[in-house]
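# Topology and contacts: notes
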Amino acid sequence: MLPEKFKERMRAYLSEKEYEEFISSFDTDERYQALRINELKSDVLSAKEMLSYLGNNVPWEKTAFYYNEDPANMVTPGKHPYHEAGLYYIQEPSAMSPVCFLDPKPGDKVLDLCAAPGGKTTQIASKMKGQGILITNEINRDRARILSLNVERMGISNALVTNEDSAKLASVFEGYFDKILVDAPCSGEGMFRKNDNAADEWSMENVKTCALRQEEILDNASKMLLPGGRLVYSTCTFAADENEESILKFLCAHSDFHVVKVDAFDGMDPGRAELISPELRASLEAKDKALFEKSLEQIQYSIRLWPHKLKGEGHFLCVLERDGELLKESSFVPGGRNIPAKPECIKPFETFVMESLKFDKKTFELKRGNIYCRLESGQELKGIIFMFGDQMYLAPGDMPSVMGLKCMRPGLHLGTLKKDRFEPSHALALLLKKEDVNIAFDHDADSDDIKAYLNGQTIRAELSGQKGWALVTASGLSIGWAKAAGGMLKNHYPKGLRINYA
Ligand SMILES: C[S@@+](CC[C@H](N)C(=O)[O-])C[C@H]1O[C@@H](n2cnc3c(N)ncnc32)[C@H](O)[C@@H]1O
């Protein structure tokens, strides 16, 4: 049931005809499901061949496709081993649009400020191709944990996952990022169609509270952006208080920012300046008339996604840029670089690399905690190896250290040091390709063997004397480690992730 006050407000927002179209979109059963291919794991063409149920492309995200869940015909992508292998991320189609306009590139320094569970972070990482710095943050600890698991599942090597508020981050990362995404906490009206309970918690008071929080988050985000940098603001709500009004307040308080006119896709609408309240207009105009008029003029360049106009739920986004020229040469690393691990810590890892991985020996270098290792698949392990207690991580040389920050994952987790032994991590398994290891056991992703493995059971294998760490792959995609010894293949799939497919 939609709240009466919500309907009343929407009726005031829209013409009679449009209100009817909008409101009847809640009565249809038509909902759009989509998934996005993780290009860190597979190119889109090969993945499409593996996932025969995929339908049309999501127009604004070339790596994403619509599908219809159909358990009777085994089309349940969230429950398939490919999901555990990180081949794709299931994401609401409209929610994919902000990252398309953020346009992250390999080598960028990107912040995803409100990131859990990680839909947009994993989309950003897929586009960065493991190059550059991605800092992904979530204020809620339990949600930050889920974000961190999704970063692991998708095989992301260049991300730092933090659990901070925006003010704390702004105090460390002032003027550091090329690109920032603020996918703001909001009243979630755009989710009313998808999630039956979403409307239960709705109130006009909550809309106002969200708007205040957004103002604070946006202000902190702006401090962290370089001149010439891009900031995308998005919500999944229809309330103008949290959309056009948030942007207008921001522009009137930050005269060095402007809205970028971007090419919207078919079905996307311009933002609606006419929804901004007379009270807000008057108060902003009284402060600085010229800035107010200049800001108001730009609201039309923000974008609204309406469920009755495209194949997706309600969303709002606005692409902002900070005036100035983007200078990328700076070697400044806020908080300082990570301190390389000591040789005695690195030694067991080096032994693991020599015994278990396939790589180009001619270009391999491991000196003073800095590694360059070109794996057989062509992907590289490179950067600084550092310790976090007994856990070993790898991050790009210019990745900020996490000194003073609450951190869930300071880079690629390589593994654990156990006395003088190194035990590789699940994150490393999910990064590696089948051809990167000396021992791999591949089974069809739909086989009972893979289901048994993901359930923690010992798996069948022809060992013929092989010993050591073995990568288990599902139709060629890595899903975890096993250890071959004494003719057995011991399952090392993490206990907390095990799945019972029965
Ligand atoms: C819309 S959700 C993010 C969805 C995410 N970007 C994705 O694509 O999966 C907004 C997130 O902001 C978080 N949040 C709430 N208050 C916050 C604050 N003051 N600062 C930063 N994040 C906050 C919420 O916990 C929530 O996880």
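Residues numbered from 1 in each chain as written. Predicted model: local features only at pLDDT ≥ 70, side-chain atom pairs only at ≥ 80, totals over all residues. Heavy atoms only, no water.

## Here we look at the overall build of the protein
Cut-off, in case you're wondering: By the criteria applied, helices consist of DSSP H or I runs no shorter than four residues and strands consist of E runs no shorter than two, each listed in order from the N terminus. Between the two quantities, the radius of gyration covers C-alpha atoms and the globule rule is 2.2 Å times the number of residues to the power 0.38. Note on exposure labels: buried denotes an accessible area under 20% of the residue type's maximum, exposed denotes more than 50%, and partly exposed covers the range between, all computed with a 1.4 Å probe on protein chains only. Contacts were defined at the residue level, with two residues in contact if any of their heavy atoms lie within 4.5 Å. Per-residue and other accessible areas were derived by the Shrake-Rupley procedure at a 1.4 Å probe size, with only the shown protein chains allowed to occlude residues.
A tally of helices and strands in the protein yields 15 helices and 24 strands. Computed over its C-alpha atoms, the radius of gyration of the protein comes to 24 Å, within 12% of the 23 Å expected for a compact globule of 502 residues. Along the first, second and third principal axes, the C-alpha set of the protein runs to 80 × 55 × 35 Å. Expressed as a percentage of the 502 residues in the protein, the buried residues total 58%. Intrachain contacts of the protein at a sequence separation of at least 6 include 72% that bridge at least 24 residues. Counting every atom, the protein has about 22000 Å² of accessible surface; 49% of that belongs to carbon and sulfur.

## Section: the site of the ligand
Quick reminder of the rule: Put simply, a residue is near a molecule or strand once any heavy atom of it comes within 4 Å of that molecule or strand. For the purposes of these results, a polar contact is taken to be a pair of N or O atoms within 3.5 Å, where, inside protein, one atom must be able to donate a hydrogen and its partner to accept one; residues adjacent in sequence count only when each atom of the pair is a side-chain atom. Only Asp, Glu, Lys and Arg are considered charged, only Ala, Val, Leu, Ile, Met, Phe, Trp, Tyr, Cys and Pro nonpolar, and every remaining residue, Gly among them, polar.
In the vicinity of the ligand there are 15 residues, among which Cys114, Gly119, Glu138, Arg143 and Asp183 approach most closely. At a separation of 3.1 Å, an oxygen atom of the ligand approaches a polar backbone atom of Gly118. Note that an oxygen atom of the ligand is positioned 2.7 Å from one of the side-chain N or O atoms of Arg143. Here the ligand, which alone exposes 590 Å², has 84% of that area covered by the protein. Every element with two or more residues in the shell around the ligand is listed here: helix H6 (119–128) and helix H9 (204–223). For the shell around the ligand, a count of residues per class yields eight nonpolar, two polar and five charged.

## A short note on the pairing of strand E20 (residues 421–424)
Our working rule: Whether two strands pair depends on DSSP finding at least two bridges between them.
Note: strand E19 (residues 412–418) against E20, four bridges, orientation antiparallel. Within the sheet, the bridge partner assigned to Gly415 lies in E20 and is Pro424. Hairpin connection, E19 to E20: the antiparallel pair is bridged by two residues, and Lys419 has positive phi, about 55°.

## Topic: the sheet that holds strand E4 (residues 88–90)
Short version of the rule: Every angle, taken between N-to-C directions, lies between 0 and 180 degrees, and every axis is a line fitted to C-alpha atoms, over only the stretch in contact when it is a helix.
Strand order in the open sheet formed by four strands is E2-E3-E1-E4, with antiparallel pairing between adjacent strands. Of all the strands in the sheet, the pair left with one neighbour each is strand E2 (57–58) and E4. Strands strand E1 (33–37), strand E3 (61–67) and E4 of the sheet are contacted by H6, whose axis makes an angle of about 35° with E1.

## A look at the sheet that holds strand E17 (residues 391–395)
If you walk across this open sheet you meet the six strands as E14-E15-E16-E17-E19-E20, and the pairing is antiparallel. Edge strands, defined here as strands with exactly one partner in the open sheet, are strand E14 (365–367) and E20. Within the sheet, the average angular offset between the axes of one strand and its neighbour, ignoring direction, is 30°. Bridge analysis of strand E16 (residues 380–388) against E17 gives five bridges, and the strand direction is antiparallel. Looking across to E17, one finds that Ile385 is bridged to Leu394. The strands that helix H13 (residues 343–356) touches are E14, strand E15 (370–374), E16, E17, E19 and E20; relative to E20, the one it contacts most, it runs at about 55°.

## Details of the packing of helix H11 (residues 278–287) against helix H12 (residues 289–298)
The criterion, for reference: For classification purposes, an angle smaller than 35 degrees is called roughly parallel, one larger than 145 roughly antiparallel, one from 65 to 115 roughly perpendicular, and anything else oblique.
Put simply, H11 and H12 touch, their axes get as near as 5 Å, and they point 130° apart. Taken together, the axes of H11 and H12 lie oblique to each other. Taking contact as the criterion, the partners of Arg281, Leu284, Glu285 and Lys287 in H11 are, on H12, Lys289, Phe292, Glu293 and Leu296. Its residues assigned to classes, the contact of H11 with H12 shows three nonpolar, no polar and five charged.

## Description of the nonpolar core
Counted only if it meets this: Nonpolar core, defined: a set of buried Ala, Val, Leu, Ile, Met, Phe, Trp, Tyr and Cys residues in which side-chain atoms within 4.5 Å join the residues together. Start and end positions for the domains come from either an automated domain assignment or a database one.
One finds Val182 and Leu231 to be the most contacted residues of the largest nonpolar core, which totals 46 residues. Per-element tally for this core: the top contributor is helix H10 (residues 244–253), with five residues. When residues of this core are assigned to domains, at least three fall in each of domain 2 (93–322) and domain 3 (343–431). Beyond its immediate sequence surroundings of up to four residues, Val182 is in contact with Leu113, Cys114, Ile217, Leu218, Ala221, Leu231, Val232, Tyr233 and Ser234.

## Focus on the pattern of salt bridges
The following threshold applies: Here a salt bridge means any side-chain nitrogen of Lys or Arg lying within 4 Å of a carboxyl oxygen belonging to Asp or Glu.
As enumerated under the stated definition, the model contains 27 salt bridges in all. Asp219 serves as the salt-bridge partner of Lys223, at 3.7 Å between the closest nitrogen and oxygen. Remark: Asp219 and Lys223 occur in helix H9; sequence separation between them is four residues, near one turn of the helix. The exposure class of Asp219 is partly exposed, given its relative accessible area of 28%. For the salt bridge of Lys309 with Asp269, the shortest nitrogen-to-oxygen distance reads 2.7 Å.

## Quick word on the UniProt feature "active site" (unreviewed entry) in the protein
Filter applied, for reference: UniProt positions are given in the numbering used here, feature names are shortened, and annotations may be inferred rather than shown by experiment.
Listed under "active site" (unreviewed entry) in the UniProt record, and renumbered for this structure, are Cys236. Position of Cys236 relative to the elements: it lies in the loop between strand E9 (225–235) and H10. If we ignore the near neighbours within four places in the chain, the residues touching Cys236 are Cys186, Gly188, Glu189, Gly190, Met191, Gly314 and His315.

## A few points about unusual backbone geometry
Note that the residue after Ala116, namely Pro117, is joined by a cis bond; omega there is 5°. Among the structural elements, Pro117 can be located in the loop between strand E5 (109–112) and H6. The backbone of Lys129 sits at a positive phi, close to 55°, despite the residue not being glycine. For Lys129, the location among the structural elements is in the loop between H6 and strand E6 (133–137).

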